[in-house]
Amino acid sequence: MERVVEILREILEVPSPTGYTKDVLTHIERRLNEAGIKTYYTNKGALIATNHPEPELVIAGHVDTLGAMVKGILPEGHLSFTSIGGLVLPTFEGEYCTIITRSGKHYRGTLLLKNPSAHVNKEVRKKERKEEDMYIRLDAEVEKKEDTEELGIRPGDFIVFDPKFEYVNGFVKAHFLDDKASVAAMIDLMLDLGPETLKNLPVAFFFSPYEEVGHGGSSGYPISTKELLVVDMGVVGKGVVGRETAVSIAAKDATGPYDYEMSTKLIELAEKKDIPYVVDIFPYYGSDGSAALRAGWDFRVALIGPGVHASHGMERTHVKGILATKELLRAYIEEKFGI
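Residues numbered from 1 in each chain as written. Predicted model: local features only at pLDDT ≥ 70, side-chain atom pairs only at ≥ 80, totals over all residues. Heavy atoms only, no water.

> What is the right way to read the pattern of salt bridges from this model?
Pairing between side chains of opposite charge can happen when their charged atoms approach one another. One pass over the structure, following the stated rule, counts 21 salt bridges. When the shortest N-O distance is used, the salt bridge between K130 and E132 registers 3.7 Å. On the accessibility criterion, K130 (32% relative accessible area) is partly exposed. Residue D188 is joined to K326 by a salt bridge in which the shortest nitrogen-to-oxygen separation is 2.7 Å. (Salt bridge = Lys/Arg side-chain N within 4 Å of Asp/Glu carboxyl O. Buried < 20%, exposed > 50% of the residue type's maximum accessible area, 1.4 Å probe, protein only.)

Set out below in structure tokens:
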């Protein structure tokens, strides 16, 4: 298994829905520190990795994923929920999950349609999958609300879904490849470069904890930043040209165009280095770069990322796309700083 895929598997196994990213950030921090790469946290909780005192280029990916939160306890003791980020509920129906209480207890459950048995509900196949018509079946002997309260489960507890990682013929299948596939490419590149090279490169790597709710990249960058290169999933599907085996270079998303000069340079480097790539437009998409620009940061922003199919559902990418993303990042750094 490629090292980058092993890194991806490790970070996928650490739950990190938006608002509960401390464990995965600690995992990344430990991995980088052991390799001699320095890290620090912003006030908001983003992790920044750099060995240079004044980084001019920041490469940003987000560690937060989709998830859910306990909204209430139903009369029979099971759980209503509210989504965190844009869960595609039909895709997550039937998925196993873990409820994490504020005291640190873990309970297992399953996301289901209410009254899910086809033998008593003839509308089970037709019913629209909406939050109010679904629930978390708790794997505990509960019969009433008070039983669940005695377990210590309360509204506001996080619900994390199993990633279901599988590596088959070069394809990586899992929930939450958005954006952990990009994060794996970033970590793998840093390990390749090593602490001494990074000491001489004015580059920082920014791991954002709030992208899925729209404000992850709005703050926390080093004041010396001149360019932000966001690494987020490339869209694969009808109406776009993205491929799982290539890196996507975003010309525009729903918030507007990305920086022309940066994007053009990325295209030129992909062609020069024979890196498989596409240039694409994402119609229903925003990023940490979009958040940074809205917040008024005075730097240029571009976006690349590995092609990911079935985004926000049962996602899939290919190791070729992840490595193409990594190599385009490397090429951009080398071109910009002459290494």
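> Hey, could you run me through the packing of helix 1 (residues 3-12) against helix 5 (residues 177-199) in this one?
Helices that pack against each other are described as a pair by the angle of their axes relative to one another and the distance between those axes. Running from N to C, helix 1 and helix 5 cross one another at 130°; their axes reach a closest spacing of 9 Å. The angle between the axes of helix 1 and helix 5 places the two elements in the oblique class. As helix 1 runs across helix 5, the sense of the crossing is right-handed. Residues R3, V4, I7, L8, I11 and L12 of helix 1 form the contact with helix 5, whose participating residues are L177, K180, A181, V183, A184, A185, I187, D188, L191 and D192. (Axes fitted to C-alpha atoms, helices over the stretch in contact; angles between N-to-C directions. Helix = DSSP H or I, 4+ residues; strand = E, 2+ residues; numbered from the N terminus. Parallel < 35°, antiparallel > 145°, perpendicular 65-115°, else oblique. Left-handed = near helix turned anticlockwise from the far one by under 90°. Contact = heavy atoms within 4.5 Å.)

> I tried to follow the environment of I59 on my own but got confused; where do I start?
Along the chain, the position of I59 falls in strand 3 (residues 57-62). Discounting chain neighbours no more than four positions away, the residues touching I59 are M186, V203, A204, F205, F206, L229, V231, L329 and I333.

> In this structure, what is going on with the packing of helix 1 against helix 2 (residues 22-34)? I would like to understand it.
Interhelical geometry of helix 1 versus helix 2 gives an angle of 145° and a closest axis separation of 10 Å. Where helix 1 abuts helix 2, its residues R3, I7, E10 and I11 lie against V24, H27, I28 and R31. Here the residues of the contact of helix 1 with helix 2 are counted per class, giving four nonpolar, one polar and three charged. (Nonpolar A, V, L, I, M, F, W, Y, C, P; charged D, E, K, R; others polar.)

> Looking at this structure, I do not really get the side chain of H62. What am I missing?
Note that H62 resides in strand 3. In this structure the side chain of H62 is engaged in a polar contact, spanning 3.1 Å, whose partner is the side chain of D178. A distance of 3.1 Å separates polar atoms of two side chains, one belonging to H62 and the other to E211. Every residue in contact with H62, bar those within four places of it in the chain, is listed here: D178, D179, V183, S208, E211, E212, D232 and D288. (Polar contact = N/O pair within 3.5 Å; in protein donor to acceptor, adjacent residues only side chain to side chain.)

> Just to check I follow, could you spell out the pairing of strand 12 (residues 203-208) for this structure?
A regular strand places its side chains on the two faces of the sheet in alternate fashion. For strand 12, the buried fraction is high: six of the six residues fall into the buried class. Alignment of strand 2 (residues 47-49) against strand 12, held across three bridges, turns out to be antiparallel. Opposite A49, over in strand 12, you have F205 as the bridge partner. Relative to strand 12, strand 3 runs parallel, the two sharing six bridges. Its bridge partner being in strand 12, A60 is matched across the sheet by F206. (Pairing = 2+ DSSP bridges.)

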